[in-house]
Amino acid sequence: MSSFHSIVSRRDFMKALGVTGAGLGAAAAVAPSFNDIDDMMGAPSASNHLPWYVKEMDLLKCTSEIDWDMLKRWDHSNTGYGAATTKHYPSGARNAEYTAAGNARRDEYRAKQHPGYDLKWQALNQGKSDRKTSAAWQYEGLTNTADLSPLPSEWGLPNWTGTPEEASRLAMAAIRYFGFSIVGFADLDSTWRNKLVLTKTSATAAYVYDNVPKAFRRTNGTITEHVIPSKASLLFLCSPQTPEARKSNSILANGNATAVDNFHSSVEARLFRFLRTLGDYQLFGLTGHQAFAVNAGAATALTGVGEASRQNNYALSFEVGPNYNPLVLMTTLPLAPTKPIDAGMFRFCHGCAICAKQCPSNSISLDKEPSWDIPLTEGLPTIYKNPGIKLFWTNQVSCYNYYTQYYGCAPVEIMGDAGGGRSCFGVCPFGEDRAALAHNVIRATAATTGIFNSFFASLADVFGTGQAALRPDDWWDMALPSHGTPTHIRATKGQWKM
């Protein structure tokens, strides 16, 4: 395909855009010289990933004129936006007066709940203002009170209240603003409490229930009990990563990219402050790093974020397949639950099995159908699986052992003894980006019918996906989104609409 060139000329291309006559001549005069569309796509400006119509200028020359003989180094402490500079002018004598007037208006806007300054905006601002990676969000009183945002009562305002649907709308917008693109909610009703909330996350950390208004933790012998109040909701947040981050057969694929470092701790602290200022609502639920109160796979499927997978260790997000990092939290803000979805992904897994075929440790099931029966592990009972779900069952012990031994799980024939990468993440068809029309057609078809699933899966090698895509050094030229995170996912406004 690299030798193919389109027969569409520049003139025909401009006509197709509606530029004709004098406009065509003017546009042609300033446009770079391309023989065809493919030359245009390969223009030098593409090296900096600029649009073809953006012209590069010479070094030290820009569209605003500069007299280099006149220009000298500047002392930027003389900024125009500060009292230190304005004091040199007559108006500077009124700096204190201006500040007092501004503070009075700030308090007035807040007290009268002007649009844009009402409690929900105050809460969002408090969340935005926190740039710490503090653990204050876990339980109040565990860290310095300076990390806590103001309560509404401190401003003489009542707590924000609304329907669960209204609360979900506010929480969804705030969470996206703070950095997470994919969100799901659940009401911690009796089914969640009795079937889905974990009993323990470690030998010394347990979840228990009590008829109390707020979450707290207490010590019971050698066990730290995290007490879940009688009314609580679950927040399931996903920070998606570009598929290429996991497809790259490198050390980059062995971690969580920037999802944890740049988003998890930051979003936790910001959301904690937002909920506290909104109405003294809590954020809680972790007993340690990624020690969630609910299995992330179950939360993915039951909050409508995605579906189960053949690989079984991860669930599949509809947008990015396995390429996301989850965060499961709880809150005392009543939220409307989001419903599970059927996008045909788990059904697709039945006829796909690419991840299983490419798994170097043979840990992923090749069964044609999922099963209620959990297989033994090395002839012994499988203590790391919970019965009651019909799934494909992965041997996580052999997966862990191979991954540890080879510092990754890429097939030896590709990486040799160096290992590296996460094979099952890289080859999943649902991890492909959505830019190609074919991928969206396959997604839509798989969601409607499963009769083509095996055929679609067989196309992986034809279209250069699967193991053929695991070329580490290609990553450096991909120009991926900032942080390697496609935050436009589920965006619905204007230019960001996906």
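(A) Molecular detail of the packing of helix α6 (residues 119–129) against helix α7 (residues 164–178). Contact geometry for α6 and α7: axes closest at 11 Å, N-to-C directions at 25 degrees. By the angle class used here, α6 and α7 are roughly parallel. Seen along the crossing, α6 lies across α7 with a hand that is right-handed. Contacts between α6 and α7 involve K120, L124, G127 and K128 from the first element and L170, A174, Y177 and F178 from the second. Within the contact of α6 with α7, the residues separate by chemical class into five nonpolar, one polar and two charged.

(B) Just helix α12 (residues 345–352), in detail. Looking only at α12, the buried set comprises M345, F346, F348, C349 and C352. Down the axis of α12, the smallest arc covering the buried residues is 150 degrees, so these residues share one side. Where α12 terminates, the next one or two residues include A353, which has phi positive at roughly 65 degrees.

(C) Structural detail: empty space enclosed by the protein. Applying the stated criterion across every chain yields a total of five cavities of 30 Å³ or more. If you add up the space inside the second largest cavity, you get close to 90 Å³. Taken together, 15 residues make up the lining of the second largest cavity; nearest its centre are C349, C352, C355, C428 and P429. For the lining of the second largest cavity, the secondary structure elements donating two or more residues are α12 and α13 (354–358). Within the lining of the second largest cavity, the residues separate by chemical class into twelve nonpolar, two polar and one charged.

(D) Geometry of helix α14 (residues 396–406). Between the side-chain oxygen at the start of α14 and the backbone nitrogen of V397 there is a gap of 3.1 Å, and the oxygen is on N395. Y407 occupies a position one or two residues after α14 and carries a positive phi of about 50 degrees.

(E) Fine view of the nonpolar core. Counting 55 residues, the largest nonpolar core has I175, L234, L235, L237, L271 and F274 as the members making the most contacts within it. Broken down by element, the residue count for this core peaks at seven residues, all from helix α10 (residues 259–279). Apart from residues no more than four positions distant in its own chain, L235 is found in contact with I175, G184, F185, L271, L283, L327, V328, L329, M330, T331 and L335. Membership of the second largest hydrophobic core comes to 18 residues, among which are A353, C355, C424 and C428.

(F) Summary view of the packing of aromatic side chains. Inspection of every chain in the model, using the stated rule, returns seven aromatic pairs. The interplanar angle of 85 degrees and the centroid separation of 5.9 Å between the aromatic rings of W52 and Y53 together place this pair among those described as edge-to-face. Among the residues examined, W52 registers a relative accessible area of 27% and is labelled partly exposed. Here Y53 falls in the exposed class, since its relative accessible area comes to 59%. With a centroid separation of 5.8 Å and an interplanar angle of 65 degrees, the aromatic rings of F346 and F392 are classed as edge-to-face. Of this pair, F346 sits in helix α12 while F392 is found in the loop between α13 and α14, placing the two residues 46 residues apart along the sequence.

(G) Looking closely at the sheet that holds strand β7 (residues 283–284). Spatial ordering of the open sheet is given by β1-β6-β10-β7, a layout of four strands whose pairing is antiparallel. The open sheet is flanked by β1 (182–187) and β7, the only strands paired with a single partner. The pairing of β1 with strand β6 (residues 233–240) spans six bridges and is classified as antiparallel. Among the inter-strand pairings, F185 is bridged to a residue of β6, identified as L235. Against the sheet, α7 contacts β1 and β6, and its axis sits at roughly 150 degrees relative to β1.

(H) Layout of the pattern of salt bridges. Taken as a whole and judged by the stated rule, the model has nine salt bridges. For D118, the salt bridge identified is with K120, shortest N-O distance 2.8 Å. What makes K120 partly exposed here is its relative accessible area of 30%. For E225, the salt bridge identified is with R218, shortest N-O distance 2.8 Å. Salt bridges sharing common partners tie together R106, D107 and R110.

Procedures and definitions
- Residues numbered from 1 in each chain as written.
- Predicted model: local features only at pLDDT ≥ 70, side-chain atom pairs only at ≥ 80, totals over all residues.
- Heavy atoms only, no water.
- Axes fitted to C-alpha atoms, helices over the stretch in contact; angles between N-to-C directions.
- Helix = DSSP H or I, 4+ residues; strand = E, 2+ residues; numbered from the N terminus.
- Parallel < 35°, antiparallel > 145°, perpendicular 65-115°, else oblique.
- Left-handed = near helix turned anticlockwise from the far one by under 90°.
- Contact = heavy atoms within 4.5 Å.
- Nonpolar A, V, L, I, M, F, W, Y, C, P; charged D, E, K, R; others polar.
- Buried < 20%, exposed > 50% of the residue type's maximum accessible area, 1.4 Å probe, protein only.
- Arc of directions from axis to C-beta.
- 1 Å grid on protein atoms, 1.4 Å probe; cavity = no way out; pocket = protein on both sides within 12 Å on 5 of 7 lines; lining within 4 Å.
- Points joined across faces, edges and corners; volume = space filled by probe spheres on them.
- Polar contact = N/O pair within 3.5 Å; in protein donor to acceptor, adjacent residues only side chain to side chain.
- Core = buried A, V, L, I, M, F, W, Y, C linked by side-chain atoms within 4.5 Å.
- Phe/Tyr/Trp six-rings, centres within 6.5 Å; stacked < 30°, edge-to-face > 60°.
- Pairing = 2+ DSSP bridges.
- Salt bridge = Lys/Arg side-chain N within 4 Å of Asp/Glu carboxyl O.

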